[in-house]
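What follows is the residue order along each chain.
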Protein chains: 2
Amino acid sequence: MNQLKNDTFLRALMRQPTEYTPVWMMRQAGRYLPEYRESRKTAGSFMDLCKSAQFATDVTLQPLDRYPEIDAAILFSDILTIPDAMGLGLSFEAGEGPRFAKTLQEEADIKQLTVPDMASLQYVFNAVSSIRKALNGRVPLIGFSGSPWTLATYMVEGKGGTDFLTTKKMAYARPDLLHHILETTAQTVIQYLNAQIAAGAQAVMIFDSWGGALSHNAYTEFSLNYMQKIVAGLTKTSEGRIVPSIVFTKGGALWLEAQAEIGADALGLDWTVDIGSARKRVGNKVALQGNMDPAILLSTPEAIEKEVAHILASYGNGNGHVFNLGHGITQWTPPENAAAMLEAVRNLSKPYHV
Amino acid sequence: MNQLKNDTFLRALMRQPTEYTPVWMMRQAGRYLPEYRESRKTAGSFMDLCKSAQFATDVTLQPLDRYPEIDAAILFSDILTIPDAMGLGLSFEAGEGPRFAKTLQEEADIKQLTVPDMASLQYVFNAVSSIRKALNGRVPLIGFSGSPWTLATYMVEGKGGTDFLTTKKMAYARPDLLHHILETTAQTVIQYLNAQIAAGAQAVMIFDSWGGALSHNAYTEFSLNYMQKIVAGLTKTSEGRIVPSIVFTKGGALWLEAQAEIGADALGLDWTVDIGSARKRVGNKVALQGNMDPAILLSTPEAIEKEVAHILASYGNGNGHVFNLGHGITQWTPPENAAAMLEAVRNLSKPYHV
């Protein structure tokens, strides 16, 4: 396969020396970009778009074409492809977020849950191959999945939420049922990420968007343990390399010490934690990815530059930092403000790598 | 005034010896109680109910009448009384949460904001007096307020939210405007809590429901500093006692060390943090209040008892723990499950206080 022209991101994940701090943005192919909104005008639901390798390829490359400082591409897809492949009937209502036609609440339904045939997710692997080819070695391609706990919340609740009362009720009243969902989902995620790796993904990220809703103990039992299984189940790339992995529990900065032990190469950080204290807590065990509040991109280039400088200084000298937002870029971000952040990261980070 | 028959809660807040771990529940006067739903059938909006001293008194006492183990009463009111008194026009739409007719987004509107006359909040102080009288010394009465940051998010956004993009945009682009809102609100909260204390409140709690949405630095600048001002501005009770104060930033357990320095007697904890590690982090500086996930009350008495035992054991021997939920009790809680928690706290906590 094509040789990587810019492997700064991969080296940072492995805590190897780099010339500057690499950067990418969660949800960088998204609605804040006029070219994305233009592409979205083609007919079809959001899932139809995810299922089109051509669309996924086009929009994945848009931020790279606009911003020369971006050091990684991420597969354009959704974390809910797996519950969809499990037959739960995913749809996106306008302004309402995701909905599932079926939920996993009854014991009989839960016990029937099995790992789906990866053929039902072939469209994702096709998108990975297509994007990798189109990238032609510009930057590495990140594959991704939702975490088992996060996917389980959608499958049990049938929709997005913030308090997950039905899922948590199951966690405490019938942990056996929830563990069956989580174990089945974890086995699915292993196959799913390995197929993305086989198709060309050069790093993988596990998004635990809702792990932060759990108590300390419940987080370990219902989320972290399953992410550990997934990391342990990852295979090598077609080139024979171990693929670096990033684990990101939004709202999970209290538990960084435990996250650093599961075998992932890097941890994602949201903006609530000071990245310098996070680095002290995890030591040399993992790289760190983050962690600017995406809301700051709504302010001014001056404020953005100041915050970038603060985060870089807090992390300090040396390797192992991938700059990112602490959550997906919002659709109201002026594209020139994203440019201000990306340029500031590139320019201000070099002194920390001499 | 009437002598307190049960001051266990107040002693725990001051880290003095108690015979057992006192307990109360945030939102304990609420919709999970059939007697509350019955009282609510009387006509009127939610704010009309808050403005009725009789209603506030009746419902504040309902959980005490049902559950003999509860060690504190809390004023029945809403955190949004202050923005309402500031003239922003509060209403509660059915199923929609709070709405304000006006928002604070334009510089001219913000600069006109002033501390409202406490006479416009007299209904709250009347409720405090009425409840205190009806309690007749059974347990202490807690007064409360929202934190300046939390109140500001409602005033700027005009409604509830979770990402507060407009407020954060102001924080970074025009911090001077946000600081004017926060300073005016902090001065209002000081007068508001002191008037509650004068009317009979025996402890006060500051609810920083949305401080956890901020970055580490922004939390200090926009939320914690103003709570520190408030704590410093609290006066003595009519009996001449310093009133114990509790500061609770939901989602703020990363910053407990800083919170422990602001002069509050106790910190509220949500369920994400292990209470034993929280205790180690704050040392002897403050008492801790919390921290069971209210979702667990939807499960079974056995699971509830197990979790109570775990939290008590994690806190360990000695004083300075007030048992509570990590957030308000949900409306779907079976009342007998709340009883199971309260009984377990009373029965299982005694060995930690010998």
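Residues numbered from 1 in each chain as written. Chains lettered and ligands numbered in written order. Predicted model: local features only at pLDDT ≥ 70, side-chain atom pairs only at ≥ 80, totals over all residues.

## Some details on the overall build of chain A
The following threshold applies: Runs of H or I in DSSP of at least four residues are treated as helices and runs of E of at least two as strands, each being numbered from the N terminus. What counts as a contact here is a pair of residues whose C-beta atoms, placed from the backbone, lie within 7 Å.
From N to C terminus, chain A includes 15 helices and 9 strands. With the C-alpha coordinates aligned to their principal axes, the bounding extent of chain A is approximately 60 × 45 × 40 Å. Taking the contacts inside chain A whose residues are at least 6 apart along the sequence as the reference set, 74% of them involve residues at least 24 apart.

## Focus on the interface of chain B and chain A
Convention followed: Nonpolar residues are Ala, Val, Leu, Ile, Met, Phe, Trp, Tyr, Cys and Pro. Charged residues are Asp, Glu, Lys and Arg, and all others, Gly as well, are polar.
Taken together, the 25 residues of chain B in the interface contact 25 residues of chain A. When residues in the side of chain B that touches chain A are grouped by element, the largest group, 5 residues, is from helix α9 (residues 165-173) of chain B. Class assignment of the residues belonging to the side of chain B that touches chain A gives a composition of 12 nonpolar, 8 polar and 5 charged.

## Considering the pairing of strand β5 (residues 203-208) of chain B
Residues and elements named next belong to chain B. The condition that has to hold: Partly exposed residues are those whose C-beta has more than 12 but fewer than 20 other C-beta atoms within 10 Å; with 20 or more the residue is buried, with 12 or fewer it is exposed, and the C-beta atoms are placed from the backbone. Two strands pair under a simple rule: DSSP has to find at least two bridges between them.
Judged by how many residues are buried, β5 sits mostly within the fold: 6 of 6 residues are covered. With burial as the criterion, each face of β5 is covered, one bearing Ala 203, Met 205 and Phe 207 and the other bearing Val 204, Ile 206 and Asp 208. As paired elements, β5 and strand β6 (residues 245-249) share 5 bridges and run parallel to each other. Looking at β6, one finds that Val 204 is bridged to Ser 245.

## A closer look at the nonpolar core
Quick note on the threshold: In these notes, a nonpolar core means any group of buried Ala, Val, Leu, Ile, Met, Phe, Trp, Tyr and Cys residues linked to one another through C-beta atoms within 7 Å.
Core analysis: the largest hydrophobic core is formed by 244 residues, its most contacted members being Ile 142 of chain A together with Ile 142 of chain B. If near-sequence neighbours (up to four positions away) are discounted, Ile 142 of chain B is found in contact with Ala 72, Ala 73, Ile 74, Leu 75, Ala 201, Ala 203, Val 204 and Met 205 of chain B.

## Re helix α10 (residues 175-199) of chain A
Our working rule: Residue count minus one, scaled by 1.5 Å, sets the expected span of a helix.
Taking 1.5 Å of rise per residue, the 25 residues of α10 of chain A would be expected to cover 36 Å, and the 35 Å separating its terminal C-alpha atoms lies within 8% of that figure. Following α10 of chain A by one or two positions, Gly 200 of chain A has its phi on the positive side, about 130°.

## Here's the deal with the relation of the copies chain B and chain A
Defined as follows: A least-squares superposition brings the copies together, and it is based on the C-alpha atoms of residues with pLDDT no lower than 70 in both.
Between chain B and chain A, which share one sequence, the superposing operator has a rotation angle of 180° and an axial displacement of 0.0 Å; the RMSD is 0.0 Å. This pairing of chains is accounted for by a two-fold axis. Taking the C-alpha atom as reference, chain B places Leu 254 of chain B closest to the rotation axis, 3.0 Å from it. Comparing contact sets, 100% of the residues at the interface of chain B also lie at the interface in chain A, consistent with an isologous, same-surface contact.

## Focus: the confidence of the model for chain A
Spelled out, the test is: Scored from 0 to 100, pLDDT reflects the predictor's confidence in each residue.
On average, residues of chain A score 95 in pLDDT, and 98% of them are at 70 or above. For this predicted complex, the interface confidence reaches an ipTM of 0.94, while the overall pTM sits at 0.96.

## Describing the environment of Ala 101 of chain B
Residue and element names in this part refer to chain B. With respect to the secondary-structure elements, Ala 101 resides in the loop between β3 (97-100) and α6 (107-111). Classification of Ala 101 by C-beta neighbours within 10 Å gives exposed; the count is 10. In this structure Ala 101 touches Leu 88 and Gly 89, once residues within four positions along its chain are discounted.

## Comments concerning helix α15 (residues 335-349) of chain A
Residue and element names in this part refer to chain A. For α15, which comprises 15 residues, the first-to-last C-alpha distance of 21 Å matches the rise-based estimate of 21 Å (1.5 Å per residue) to within 8%. Of the residues making up α15, those classed as buried are Ala 338, Ala 340, Met 341, Leu 342, Ala 344, Val 345, Arg 346 and Ser 349. Residues of α15 that are buried in the fold lie against β8 (287-292), α14 (301-315) and β9 (321-325).

## Section: the sheet that holds strand β8 (residues 287-292) of chain B
All names here are of chain B. The strand order β1-β4-β5-β6-β7-β8-β9 describes an open sheet built from 7 strands, whose pairing is parallel. Two strands bound the open sheet, and with one partner strand each, they are β1 (73-74) and β9 (321-325). Here strand β7 (residues 266-268) runs beside β8; their pairing, made up of 3 bridges, is parallel. For Gly 268, the partnering residue across the bridge sits in β8 and is Gln 289.

## Some details on the packing of helix α8 (residues 148-157) of chain B against α9 of chain B
Residues and elements named next belong to chain B. Definition in use: All axes here are fitted lines through C-alpha atoms, helices being fitted over the stretch that makes contact, and every angle between N-to-C directions spans 0 to 180 degrees. Angles below 35 degrees are treated as roughly parallel, those above 145 as roughly antiparallel, those between 65 and 115 as roughly perpendicular, and all remaining angles as oblique.
Packing of α8 against α9 brings their axes to within 8 Å, and their N-to-C directions diverge by 105°. When the interaxial angle is binned, α8 and α9 end up roughly perpendicular. Note on element contacts: α9 touches α8 through Thr 166, Thr 167 and Met 170, opposite Ala 152, Thr 153, Val 156 and Glu 157. Taken together, the residues of the contact of α8 with α9 sort by class into 3 nonpolar, 3 polar and 1 charged.

## Some remarks on the pairing of strand β2 (residues 90-93) of chain B
Bridging between β2 of chain B and β3 of chain B involves 4 bridges; their strand directions are antiparallel. Its bridge partner lying in β3 of chain B, Glu 93 of chain B is registered against Gly 97 of chain B.

## Focus: the sheet that holds strand β6 (residues 245-249) of chain A
All names here are of chain A. Taking strand neighbours across the sheet as the criterion, the 7 strands line up as β1-β4-β5-β6-β7-β8-β9 in an open arrangement whose pairing is parallel. A single partner strand is all that each edge strand has here, and the edge strands are β1 (73-74) and β9. Bridge analysis of β1 against strand β4 (residues 141-146) gives 2 bridges, and the strand direction is parallel. If you follow Ile 74 over to β4, its bridge partner there is Ile 142. Against the sheet, helix α13 (residues 275-282) touches β7 (266-268) and β8, its axis set at about 160° to β8.

## Focus on the environment of Val 273 of chain B
Mapped onto the elements, Val 273 of chain B comes out in the loop between β7 and α13 (275-282). Placed 17 residues apart in sequence, Val 273 of chain B and Gly 290 of chain B show a C-alpha to C-alpha distance of 9.8 Å. Non-local contacts of Val 273 of chain B, meaning those with residues more than four positions away in its chain, are made with His 216 and Leu 254 of chain A together with Ala 253, Ala 278 and Asn 291 of chain B.

## A short note on unusual backbone geometry
That bond from Gly 290 of chain A to Asn 291 of chain A is cis: its omega, 0°, falls within 30 degrees of zero. In this structure, Asn 291 of chain A sits in strand β8. Phi at Arg 27 of chain A takes a positive value of approximately 60°, unusual for a residue other than glycine. Residue placement: Arg 27 of chain A occurs in the loop between α1 (8-13) and α2 (34-40). Positive phi, close to 50°, is recorded for Asn 136 of chain B, a residue that is not glycine. On the secondary structure map, Asn 136 of chain B appears in the loop between α7 (122-135) and β4 (141-146).

## Details of the packing of α13 of chain B against helix α14 (residues 301-315) of chain B
Residues and elements named next belong to chain B. The line we're drawing: Should the near helix be turned counterclockwise from the far one by less than a right angle, the crossing is left-handed, whereas a clockwise turn marks it as right-handed.
Look at α13 against α14: their axes get within 7 Å of each other, and the N-to-C directions meet at 20°. Considering their axes alone, α13 and α14 lie roughly parallel with respect to each other. Between α13 and α14 lies a crossing whose hand is right-handed. On α14, the residues that touch Ile 275, Gly 276 and Arg 279 of α13 are Ile 311, Ser 314 and Tyr 315. Its residues placed into classes, the contact of α13 with α14 shows 3 nonpolar, 2 polar and 1 charged.

## Topic: the environment of Lys 51 of chain B
Residue and element names in this part refer to chain B. Inspection of the secondary structure assignment puts Lys 51 in the loop between α3 (46-50) and α4 (53-66). Judged by the 19 C-beta atoms lying within 10 Å of it, Lys 51 is partly exposed. Once the C-alpha coordinates of Lys 51 and Phe 125 are considered, the two residues, 74 residues apart in sequence, prove to be 10.0 Å apart.

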